[in-house]
Amino acid sequence: MHDLLAWLEASLIGHAMRGSGVWTYGVVNLFHILSIASLFGSILLLDLRLLGVWRNIPLAAISTPCVTVGAWGFVVATLTGIGLLATKATEYQSNPFFYIKIPAILLGLVNVAALSRLPAWKQHRTRELSAAEQSKLAVYGGISLACWFTAIAAGRMVGYW
Ligand code: HEM
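Residues numbered from 1 in each chain as written. Predicted model: local features only at pLDDT ≥ 70, side-chain atom pairs only at ≥ 80, totals over all residues. Heavy atoms only, no water.

Peer 1: How would you summarise the overall build of the chain if you had to cite specific residues and measurements?
Peer 2: Of regular secondary structure, the chain possesses seven helices and zero strands. From first element to last, N terminus to C terminus, the chain shows the α and β order α-α-α-α-α-α-α. Expressed along its principal axes, the backbone C-alpha trace of the chain runs to roughly 55 × 25 × 25 Å. Counting every position in the chain, which comprises 161 residues, the buried fraction comes to 35%. Pairs at least 24 residues apart make up 75% of the contacts formed inside the chain by residues separated by at least 6 positions. Here the chain has roughly 9500 Å² of accessible surface; of this, 73% comes from carbon and sulfur atoms. (Helix = DSSP H or I, 4+ residues; strand = E, 2+ residues; numbered from the N terminus. Buried < 20%, exposed > 50% of the residue type's maximum accessible area, 1.4 Å probe, protein only. Contact = heavy atoms within 4.5 Å. Areas by Shrake-Rupley, 256 points an atom, 1.4 Å probe, with all protein chains shown as cover.)

Peer 1: Quick rundown of the site of the ligand? Include the residues and the values.
Peer 2: Taken together, 23 residues lie around the ligand, and Asn-29, His-32, Tyr-92, Lys-101 and Arg-156 are the ones closest in. Between the ligand and the protein, one listed contact pairs an oxygen atom with a side-chain N or O atom of Asn-29 at 3.1 Å. Between a nitrogen atom of the ligand and a side-chain N or O atom of His-32, the distance comes to 2.9 Å. Those elements that place two or more of their residues in the shell around the ligand are α3 (24-50), α4 (59-87), α5 (98-117) and α7 (131-158). When grouped by side-chain class, the residues that make up the shell around the ligand number 14 nonpolar, six polar and three charged. (Near = heavy atom within 4 Å. Polar contact = N/O pair within 3.5 Å; in protein donor to acceptor, adjacent residues only side chain to side chain. Nonpolar A, V, L, I, M, F, W, Y, C, P; charged D, E, K, R; others polar.)

Peer 1: If you had to explain the packing of α5 against α7 to someone new, which residues and values would you point to?
Peer 2: Interhelical geometry of α5 versus α7 gives an angle of 155 degrees and a closest axis separation of 8 Å. By the angle class used here, α5 and α7 are roughly antiparallel. Classified by chirality, the crossing of α7 by α5 is left-handed. Counted together, Phe-98, Ile-100, Lys-101, Ala-104, Ile-105, Leu-107, Gly-108, Leu-109, Asn-111, Ala-114 and Leu-115 of α5 and Leu-137, Tyr-140, Ile-143, Ser-144, Cys-147, Trp-148, Thr-150, Ala-151, Ala-154, Gly-155 and Val-158 of α7 form the full contact between these two elements. Partitioned by chemical class, the residues of the contact of α5 with α7 number 16 nonpolar, five polar and one charged. (Axes fitted to C-alpha atoms, helices over the stretch in contact; angles between N-to-C directions. Parallel < 35°, antiparallel > 145°, perpendicular 65-115°, else oblique. Left-handed = near helix turned anticlockwise from the far one by under 90°.)

Peer 1: Can you explain the packing of aromatic side chains? Please cite residues and give values.
Peer 2: Describing an aromatic ring pair means giving the distance of the ring centres and the angle of the ring planes. Taken as a whole and judged by the stated rule, the model has four aromatic pairs. Seen in terms of ring centroids, Phe-98 and Tyr-99 are 5.5 Å apart; in terms of plane orientation they differ by 85 degrees. Their pairing is edge-to-face. The exposure class of Phe-98 is buried, given its relative accessible area of 8%. By relative accessible area, Tyr-99 is classed as partly exposed at 36%. An aromatic cluster is defined as three or more aromatic residues linked by ring pairs; in this entry it consists of Tyr-92, Phe-98 and Tyr-99. (Phe/Tyr/Trp six-rings, centres within 6.5 Å; stacked < 30°, edge-to-face > 60°.)

Peer 1: So, unusual backbone geometry: which residues are in play, and what are the values?
Peer 2: The backbone phi angle of Trp-54 is positive, close to 55 degrees, even though this residue is not glycine. Relative to the helices and strands, Trp-54 resides in the loop between α3 and α4.

Peer 1: Give a description of α7 that names residues and reports values.
Peer 2: If you check α7, its first and last C-alpha atoms are 41 Å apart, about what 28 residues at 1.5 Å a residue would give, namely 40 Å. Of all the residues in α7, the buried ones are Glu-133, Leu-137, Ala-138, Tyr-140, Gly-141, Ser-144, Leu-145, Cys-147, Trp-148, Ala-151, Ala-154 and Val-158. (Expected span 1.5 Å × (residues − 1).)

Written out as structure tokens, the structure is:
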């Protein structure tokens, strides 16, 4: 891990982050936070619906906007996060919250990949789901909320270590 972080810190991104003015880190951090807000905001709505809240609203009515905003939020969070990390990457190697945050993000992604392979998810726009299928989707919604909440909590705590 040290070699990877040292490589990132010495990379062009690291040099650009450190050498392009005092506001660069702050502006990149601003976009990191905005993208996290978009990601978690959309995921929160979708996961609560999967967990059975607002059953009178069809899942198909909210899934497309939530997935689209969440996916873009994730892409921007990753790009800006790499920029923030590259600024002083080696300083994070002994930070325990960093080792909670990254696996939580990876687990969140595995959960999304598994959910998107379920027949119930693939077909939720074209047919009614059975009670058993809805219960299955609820499990994925719960795991998703736990993963992304953990990523945000650990991400916030990184700076306080
Ligand atoms: C590969 C992707 C990511 C990388 C490399 C990354 C890296 C970083 C770094 C280096 C910081 C600054 C920590 C400090 O204060 O010193 C940070 C802040 C933060 N990150 Fe990420 N991040 C990524 C994705 C995410 C995602 C997906 C989330 C949420 C789901 C997230 C949540 C946070 C939070 C809440 C903060 C604190 C922001 C603040 O209070 O200023 N990050 N991230």
